[in-house]
Amino acid sequence: MSYTRKITDSLYWIGDNDRRLHLFENIHPIERGVSYNSYVLLDEKNVLFDTVDWSVCRDMLESLEKVLAGRKLDYVVINHMEPDHAACLEEVLIRYPETKVISNEKAFMLMHQFGFHIDGRTIEVKEGDVFEFGKHKITFVNAPMVHWPEAMVSFEITEGILFSADAFGSFGTLDGKLFADEFDFKNEWIDDARRYYTNIVGKYGPHVMSLLGKAPVNDIKYVCPLHGPVWKAGEDLMWFIDKYVHWATYEPEEKGVMIVYASMYGNTESAATLLASKLCEKGMTKVRMYDVSKTHVSFLISDLFKYSHIVFASVTYNLGIFPPMHNFLMDMKALNLQKRTCAIMENGSWAPKAASLIAEALDEMKEMSIVDPNVTVTSAVNGQSDKELDTLADAIIDSMK
């Protein structure tokens, strides 16, 4: 099925949506699906920017044929070699035997590793190189580890179009729309955009800041990512770029408290709920509670990038941290999470150990502060631990001032 959208008089979106895929990269739940974006630029020389995942390859090829309308396809620019964007490259080359592939040295290395047959059809580019396709000129900017080492972005100088690879992407299907201003993005999409960034790219904040420093922000009229909506220049784009700056520098978006609890029989959950109630009574109502055993870690990581404070409430298990809580802490470390204020609550009917072990894990991360006191619940909340929870709520609120 051919499904296209016009971006400018010369540029067309020929991507597709995947509503069947349950796990992105076979790990992250995507209840709202995902789009795969590919773009065609028409000029004296016609250019395809990236392809799509194999699951929607046939639709993309039909859309490409429709947009070309009998014209030659002269070039394919591969900004990112991950299979959800480059899987269809050989199918394109089979159908358009005169087409050349433009990419960088590392991308071509990966193409050979994936077994692509591209010998004799490659044009290698470096950062700063400029290609002219007629009235349109493209320059290339390296974007290593955003989020693979070969990633680059392409900037079309004439109309100000940034083909941003995985930067500025989002989970979610487009459902016939294309531009961000066709959605209620700030309310309906920002959580998916944050979860996409924090879990896919989040570890590489310095690399993202390097890319933002090289991107010609003032000259950008359109941002065309490989997932999610296309952005037009204006206040909304600057708002989204500001979100990226927060995420890439690990600065929280807002003051608020995440309470992530690990409870076996409900007593630790009850203590966590009591702390949430005390925080709200004292005026801090931006409180989110998560059961670490039931919530996929990608959602936890996403909100952790959003909020300034996190409470770890864990039962002691085999003289250690409850395993799902331990796994969450390891994911935090792996994604380079930093600059958060933390509080710790443990539960143990005998030999409680979770608090000290959580503190040790946090000490291995950057700029993570822990407010006093650590609260110990012995089996269930009693008068003493109730008072300690009240003191902890005050300490959390004081740390926000």
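What comes next concerns the included structure. Counting from 1, residues in each chain are numbered in the order their sequence is written. Only residues with pLDDT of 70 or above have their local features reported here, since the model is predicted, and side-chain atom pairs are shown and tallied only from 80 upward, although totals for entire chains, interfaces and linings are computed over all residues. Heavy atoms from the whole structure form the basis of all side-chain values; hydrogens and water molecules are not counted.

What follows is about the pairing of strand β20 (residues 307-317). The cut-offs for exposure are 20% and 50% of the maximum accessible area for each residue type, with area from a 1.4 Å probe on protein chains only; residues under the lower value are buried, those over the upper are exposed, and the others partly exposed. Where helices and strands are cited, they refer to DSSP runs of H or I of at least four residues and of E of at least two residues respectively, numbered from the N terminus. Counting buried positions along β20 yields 10 of 11 residues, so the element is predominantly enclosed. As paired strands, strand β18 (residues 254-262) and β20 are joined by 7 bridges and run parallel to one another. Residue A262 lies in a different strand from β20, and its bridge partner there is S314. Pairing of β20 with strand β22 (residues 340-347), which is carried by 7 bridges, proceeds in the parallel orientation. Looking at the pairing, F312 lines up with I344 of β22. Two strands qualify as a pair provided DSSP detects at least 2 bridges between them. Between the end of β20 and the start of strand β21 (residues 320-321), which pair antiparallel, lie 2 residues, with N318 showing a positive phi angle near 55°.

The term salt bridge refers to a pairing of a side-chain nitrogen on Lys or Arg with a carboxyl oxygen on Asp or Glu at a separation within 4 Å. Tallying each qualifying case throughout the model produces 26 salt bridges. When the shortest N-O distance is used, the salt bridge between R194 and E253 registers 2.5 Å. Residue R194 is located in helix α6 (residues 190-200), and its partner E253 is located in the loop between α8 (235-249) and β18; the two are separated by 59 residues in the primary sequence. By relative accessible area, E253 is classed as buried at 17%.

A separate point is the pairing of strand β10 (residues 100-103). Summarising the sheet, strand β9 (residues 75-77) and β10 pair through 3 bridges and their orientation is parallel. The partner of V76 across the bridge, within β10, is V101. Judged from the 3 bridges that link them, β10 and strand β11 (residues 122-124) form a sheet pairing that is parallel. Of the residues in β11, the one forming a bridge with S103 is E124. The β-α-β motif built from β10, the intervening helix α4 (residues 105-113) and the parallel element β11 has right-handed crossover chirality. Whether a crossover is right-handed comes down to one check: with the strands pointing away from the viewer, does the path from the first strand over the helix to the second run clockwise; if it does, it is right-handed.

Here the term patch refers to residues with relative accessible area over 30% and no salt bridge, with like charges joined within 9 Å and nonpolar side chains (Val, Leu, Ile, Met, Phe, Trp, Tyr) within 5 Å. For every accessible area listed, the method is Shrake-Rupley and the probe measures 1.4 Å; residues are considered covered only by the protein chains on display. Together, M264, Y265 and Y317 give the surface a local cluster of nonpolar side chains, amounting to about 360 Å² of exposed area. Taking relative accessible area as the criterion, M264 reaches 37% and is therefore assigned partly exposed.

What follows covers the environment of F185. Relative to the helices and strands, F185 resides in helix α5 (residues 185-188). Taking the C-alpha atoms as reference points, F185 and F240, 55 residues apart in sequence, are found 9.8 Å from one another. It only takes one pair of heavy atoms within 4.5 Å for two residues to be counted as in contact. Residues in contact with F185, not counting those within four places in the same chain, are A180, I190, A193, P229, W231, W239 and F240.

Quick look at unusual backbone geometry now. With an omega dihedral of 5°, the bond running from V146 to H147 counts as a cis peptide bond. By the element assignment, H147 lies in the loop between β13 (137-142) and β14 (152-156). With an omega of 5°, the peptide bond between D372 and P373 qualifies as cis. Inspection of the secondary structure assignment puts P373 in the loop between β23 (368-370) and β24 (375-377).

Turning to helix α7 (residues 205-214), a few remarks are in order. Burial in α7 covers these residues: G205, V208, L211 and L212. The arc enclosing the buried residues of α7, seen along the axis, measures out at 120°, which places them on a common side. Residues P206 and G213 are exposed on α7 and point more than 90 degrees away from its buried face. The inward-facing, buried residues of α7 abut β13, β14, α6 and α8. The arc in question is traced by the directions running from the helix axis to the C-beta atoms.

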